[in-house]
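An overview of the molecular structure
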Amino acid sequence: MKSKHLIITTAIIVFCTLFGYSADKKNVLIINSYHKGLKWNDDILSGITYGLNESEFEIEIYIEFLDSKRFLETKEYDQGLYKLFLTKYKEVDLDVIIVSDDFALSFMLAQRDSIFGPVPTVFCGINNPHKYPNTYTGVLENIEFLDNFKLIRNLHPNYSKIYIIVDDTPTGNSIYDRAYRLNLLTNEEFRYEFLRNYTFKELFQRVSELEENAVIFLTAFTQDRNGDYSSYKEIVSNLVNYTKVPVYGTWDFYLDMGIVGGKLIKGFEQGYTASKMAVDILKGKNLNQMEIRMSKAEYQFDYNALKEYKISKRNLPDHAQIINRPFEFIFENKQQTIFWGVIFILLLVIIVTLITYIIYRKKKIVEIRRYNKSIELNNEKLQIAKEKAEESDRLKSAFLANMSHELRTPMNGIIGFSKLIIDANDMSQELLKKYLNIIHKSGYILLNLVNDIIDLSKIESMQLKLNYTKFKLNELIDELHGFFISEKENTGKNDLEIIAKKDYAFKDLMIYSDSNRIRQVLYNLIHNALKFTDKGYIKFGYHIENDNLKFFVEDTGIGMSDVDKKIIFERFRQVDDKTTRRYGGSGIGLTVSKGIIENLKGKIWVDSQKGMGSTFYFTIPFNPVSNQKQQVTHVINHKNYKWPGKTILIVEDSTVSYELLTKFLKDAQVSFLYATNGEEAIKICTENVQVDLVLMDIQLPIMDGLEATSIIKKHKPELPIIAQTANAMEEDRPNIISAGCDDYVSKPINRIELLQKIDNFLNQ
C-alpha cells in the first residue's frame with residue numbers, strides 16, 4: 001500500500017513539474033495535548049501558528065486537541081483517538097507534525113507510524129523523559145528550579161522554608177523527579193518541602209496554616225489525589241486566597257493571577273521555536289542535523305503582588321519585566337503636569353503669532369516696494385495710493401491688535417485658572433470643575449483660531465486642498481442642527497429658536513463634494529448668527545436651483561448696513577470696532593469661508609438691513625450620486641455607550657493621552673490593553689484573541705502606527721482599527737485609510753465623536 005502511495009505521489013510531482021503547477025503548498029498537523037481555552041495550550045498554539053504564517057510557504061494547517069486534562073488517558077480513549085485520526089487523515093499527505101506537551105508526544109511515539117507513516121515530527125512543552133527516534137526533534141521544557149530558589153532567597157532572606165507544590169500526574173512526577181534528584185538531592189543550601197499527595201481541599205487547608213515567613217513555589221497541580229481536575233486559573237486563585245505568604249511560579253500564564261512572579265517559561269516562545277524548526281524541515285533541512293533545544297525563561301513580576309508583599313523593585317534581577325505598573329508620574333506630579341501643559345499651549349500660541357507676524361512683514365515689504373515704484377505717478381494717483389496703503393496698514397494693525405486680544409483672552413483664562421488650581425490647597429469639586437471647564441473652552445477657542453489662520457494662509461497661497469467624497473447632505477444638516485441647539489443652551493439664549501430646512505423629496509440625498517469644508521462654512525455662518533442674535537430665530541438649510549445647491553443661513557440679529565455688506569468678506573475686516581469689542585472674533589472667518597466656496601467653484605453673498613437681521617447665501621455645483629437607493633434614515637441617539645465584555649487595545653506612547661482615553665471610556669464597561677509602540681501592538685494583536693478594537697496613535701517610537709496597522713491587518717483583517725492623529729490636514733486621510741485603518745479621529749479628541757466611531761464597530 002505504501003509503495004503504491006509513493007508511486008502515485010511521484011507521478012503527481014512529475015505532472016506538476018511538466019505542466020507548471022506549483023508544489024509549494026504544505027500540510028502541517030498540530031496536535032495539542034490539552035483543550036482550547038487552556039492558557040498554556042493557547043499560548044503554544046499561538047506561537048506555532050504565528051511562526052508558520054511568517055514562512056514563505058502556502059501552508060494548510062490542521063489542528064487537533066486531545067483534551068487530556070479533562071479526559072484522563074485510558075486504553076479505550078487511545079483506541080478512539082487512533083481510529084479517529086486513521087479515518088480523518090487517510091487521504092491527507094502531511095509534511096510535518098507538531099505536537100505540544102507530553103500526552104500528545106506519547107501518543108505519537110506509539111501510534112504515528114501506523115497512522116501517518118514516518119512523517120517528521122517536532123515537539124515542544126515536554127517535561128517527561130522519552131526515547132526519540134531520528135524522525136523526532138523539538139524543544140524540551142527546562143524549569144529553572146535553582147534560579148527561582150536563589151531568587152526567592154534574595155527577595156526573602158529570612159524565609160523559613162520553600163513549599164514546592166506539584167501533583168501526582170505523569171507531568172508532576174517528571175517535575176518532582178527533576179527538581180529533587182537533579183537539583184535538590186545534592187544541594188543543601190535551600191530549605192524546602194514538597195506538597196504532593198493532597199486533595200484540593202487538603203492542599204488549601206495546608207497552605208492556609210503555613211508559617212509567616214514561608215514561601216510557596218507552584219509548579220503543576222491540576223489533578224488531586226481523588227482524580228478531580230482544576231484549571232490553572234482556579235488553582236492559582238484558590239492558593240492566593242487561602243494563603244498569606246507569597247506565591248512564585250514556573251510558567252508565564254500564572255502571572256497576573258496573583259503570584260509574585262519568578263523566572264518563567266513562555267508558552268508562546270516554545271511554540272514559535274518549534275514552528276521555526278518545522279519550517280526548516282519544510283525547506284529541506286536534514287532532521288538528523290537538528291539538535292533538540294531547551295526552552296528559555298525570563299524574569300517576570302506583577303507590580304500589584306510586589307506591592308502587597310513589600311518587595312522592592314530595586315532587588316529584582318536586571319532586565320526583569322514588570323506588569324501592571326501604574327502611571328506613577330502623572331499622579332504624583334499633577335500640578336507639574338498641568339503647568340507644563342499650559343507652557344506647551346503658550347509656546348504653540350507664540351509660534352502661531354510669530355508666523356502670522358512674519359506673513360504680515362513679508363506683505364508689508366512687498367507693499368513698500370510697490371509704493372516706491374509709484375512715486376513717479378501724478379499727485380492724484382499718488383494721493384490715492386498713499387491713502388490705500390495707509391488704509392491697508394491701519395487694517396493690518398487693527399488685525400494684529402485684535403489678534404493679540406483674541407489670543408491673550410483665552411490664554412488669560414488658561415494660565416489664570418490653571419494657576420488658581422495649582423495654588424489651591426483645598427478646592428471644592430464644584431469650583432474645580434468650573435475652572436477646568438473654563439480652561440477646556442479656552443483651549444478650543446485657541447484651536448479654532450489656529451485653524452482659521454492656517455486655512456487663510458492656504459487660501460492665499462493657493463494651497464488649499466479639497467477632499468471630494470460621497471456623503472448624505474441631510475445627515476450633515478442634522479448634525480449641525482443638534483450641535484447648535486446645544487450651543488444655544490450653553491449661551492443661555494432661551495428666546496432663540498434654531499431651525500433646519502431640507503427642501504428635497506428624498507431623505508437620503510447623497511452628493512459628491514467636500515463634506516468637511518461645507519460643514520466648516522456652515523459652522524462659521526451659523527456661529528456668527530448665534531453670536532449676533534439674542535432672540536427670534538436662526539434658520540439654515542438648502543434648496544436645489546438648476547445645477548446648483550443653494551445654502552442659506554438666516555437670522556433675526558443686529559443686521560448690517562450697505563457699506564458693511566461690501567467689506568464683510570475682505571481680509572481683516574469686521575463691521576466696526578465697536579462690534580469687535582462687544583462680540584469678539586478675529587475677522588477672518590468670513591474670508592476663509594469665501595475662499596473655500598470659491599475653491600468649490602461657487603460664490604457667497606449676504607442680504608441684510610441694519611436692525612432687521614441678515615441672510616447669508618452660498619452656492620456650489622450640485623453633484624448628486626446617481627443610481628442611489630433612497631431610504632428613510634433613522635438617527636440613533638446613543639445616550640449611553642456601553643460594550644460589556646469587549647476589549648480595546650490602546651496604542652499610545654504618551655501616558656497622558658492613554659489616561660485621557662481610559663477616562664473617556666470609563667463607563668463603557670470595556671477592558672483595556674496597552675502598548676507604547678507599534679511592535680508591542682502587533683504582538684498583542686497576534687497573541688490575544690480577545691482584542692475587539694484598536695485605538696492606534698500614528699506617531700510612535702520603534703515602529704509607527706501606520707506600519708503596525710498594515711502588519712496587524714495581514715493577520716486579523718476583520719479587527720477594526722481607529723487611528724489617532726495630531727495632524728489636522730484633511731489630505732492625510734487617504735494615507736491613513738490606505739494603511740488599513742477603518743476610521744480616524746483628530747487630536748484634540750472629541751469624546752462624543754470617539755464614542756460614536758467606536759460604537760459603529762462594536763455594535764455591528
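Residues numbered from 1 in each chain as written. Predicted model: local features only at pLDDT ≥ 70, side-chain atom pairs only at ≥ 80, totals over all residues. Heavy atoms only, no water.

1. Brief notes about the overall build of the protein
Applicable threshold: By the criteria applied, helices consist of DSSP H or I runs no shorter than four residues and strands consist of E runs no shorter than two, each listed in order from the N terminus. Between buried and exposed lies partly exposed: a residue is buried under 20% and exposed over 50% of the maximum accessible area for its type, with that area taken using a 1.4 Å probe on protein chains only. The contact rule is simple, with two residues in contact once any of their heavy atoms fall within 4.5 Å.
Within the protein, the secondary structure is distributed over 24 helices and 25 strands. Counting only residues that meet the buried cut, the protein has 45% of its 764 residues in that class. Taking contacts inside the protein between residues at least 6 apart in sequence as the whole, the part at least 24 apart equals 72%.

2. Considerations on the packing of aromatic side chains
Heads up, the rule is: Ring pairs shown here join Phe, Tyr and Trp side chains whose ring centres sit within 6.5 Å, with only the six-membered ring taken for Trp; geometry is labelled stacked below 30 degrees between planes, edge-to-face above 60, and tilted in between.
Under the criterion given, the structure shown has 37 aromatic pairs. Pairing Phe-200 with Phe-204 gives two aromatic rings, centres 6.4 Å apart and planes at 20°, and the pair type is stacked. Of this pair, Phe-200 and Phe-204 both sit in helix α7 (residues 200-208), four residues apart, which is roughly one turn of that helix. Overall, Phe-200 belongs to the buried group, its relative accessible area being 12%. On the basis of relative accessibility, which here comes to 8%, the residue Phe-204 falls in the buried class. Clustering of aromatic rings is evident, with ring pairs tying together Trp-40, Tyr-232, Trp-251, Phe-253 and Tyr-254.

3. With respect to the sheet that holds strand β15 (residues 496-502)
Applicable threshold: DSSP bridges decide pairing: two strands pair if at least two such bridges lie between them. Each axis is a line fitted through C-alpha atoms, taken for helices only over the stretch in contact, and angles between the N-to-C directions span 0 to 180 degrees.
A sheet is described by the order of its strands in space; here five strands give the open sequence β15-β17-β18-β20-β19, paired in mixed fashion. Of all the strands in the sheet, just β15 and β19 (603-608) have a single pairing partner and so form its edges. Each strand of the sheet is rotated relative to its neighbour by a mean of 15°, with strand direction disregarded. Along the sheet, helix α15 (residues 473-491) contacts β15, β17 (536-545) and β18 (548-555); its crossing angle with β15, the most-contacted strand, is approximately 180°.

4. Side note on a nonpolar patch on the surface
Convention followed: Patches here: salt-bridge-free residues with over 30% relative accessible area, like charges joined within 9 Å, nonpolar side chains (Val, Leu, Ile, Met, Phe, Trp, Tyr) joined within 5 Å. Areas reported here follow the Shrake-Rupley algorithm with a probe of radius 1.4 Å; residue values treat only the protein chains shown as occluding. A pair is scored as a salt bridge if a Lys or Arg side-chain nitrogen falls within 4 Å of a carboxyl oxygen belonging to Asp or Glu.
A cluster of nonpolar side chains, Leu-347, Ile-350 and Leu-354, forms an exposed patch at the surface whose accessible area comes to about 270 Å². Topologically, Ile-350 is positioned in helix α12 (residues 334-373).

5. A few points about helix α19 (residues 589-599)
Summarising burial for α19: eight of the eleven residues are buried, a large majority. For α19, the complete set of buried residues consists of Gly-589, Leu-590, Thr-591, Val-592, Ser-593, Gly-595, Ile-596 and Ile-597. Of the residues trailing α19, Lys-601 is marked for its positive phi of about 65°.

6. Some details on the nonpolar core
Filter applied, for reference: Here, the term nonpolar core denotes a set of buried Ala, Val, Leu, Ile, Met, Phe, Trp, Tyr and Cys residues that are joined through side-chain atoms within 4.5 Å.
Ile-98, Ile-165, Leu-203, Tyr-248 and Trp-251 are the most contacted members of the largest nonpolar core, which totals 78 residues. In terms of residue count, helix α9 (residues 267-282) provides more of this core than any other element does, six residues in total. If we skip the residues at most four places from it in the chain, Trp-251 touches Trp-40, Asn-127, Glu-141, Ile-143, Ile-175, Thr-219, Ala-220, Leu-264 and Ile-265. By size, the runner-up hydrophobic cluster in this structure holds 44 residues, among which are Val-450, Leu-476, Val-592 and Phe-622.

7. Observations regarding the environment of Asp-547
Residue placement: Asp-547 occurs in the loop between β17 and β18. The class for Asp-547 is exposed, based on a relative accessible area of 63%. In this structure the C-alpha to C-alpha distance between Asp-547 and Asn-623, which are 76 residues apart in sequence, comes to 8.1 Å. Excluding residues that lie within four positions of it along the chain, Asp-547 makes contacts with Ile-620, Pro-621 and Phe-622.

8. Quick word on unusual backbone geometry
For Asp-256, which is not glycine, the phi dihedral falls at a positive 70°. Following the sequence through the fold, Asp-256 ends up in the loop between β9 (247-248) and β10 (261-265). For Asp-256, a relative accessible area of 48% gives the class partly exposed. Positive phi, normally seen in glycine, also occurs at Lys-601, with a value near 65°. Along the chain, Lys-601 turns up in the loop between α19 and β19. Its relative accessible area of 66% is what places Lys-601 among the exposed residues.

9. Here we look at the pattern of salt bridges
By the definition in use, this model includes 24 salt bridges. Among the ionic pairs, Lys-276 bridges to Glu-54, the shortest N-O distance being 2.9 Å. In this pair, Lys-276 is assigned in helix α9 and Glu-54 in the loop between α2 (39-53) and β2 (59-65), connecting sequence segments 222 residues apart. A relative accessible area of 26% places Lys-276 in the partly exposed class. Its relative accessible area of 38% is what places Glu-54 among the partly exposed residues. One salt bridge connects Lys-266 with Glu-298, and the closest N-O pair in it is separated by 3.0 Å. Here Lys-266 is found in the loop between β10 and α9, whereas its partner Glu-298 is found in strand β12 (residues 297-302), with 32 residues between them in sequence. One salt-bridge network, in which partners are shared between bridges, spans Lys-161, Glu-193 and Arg-206.

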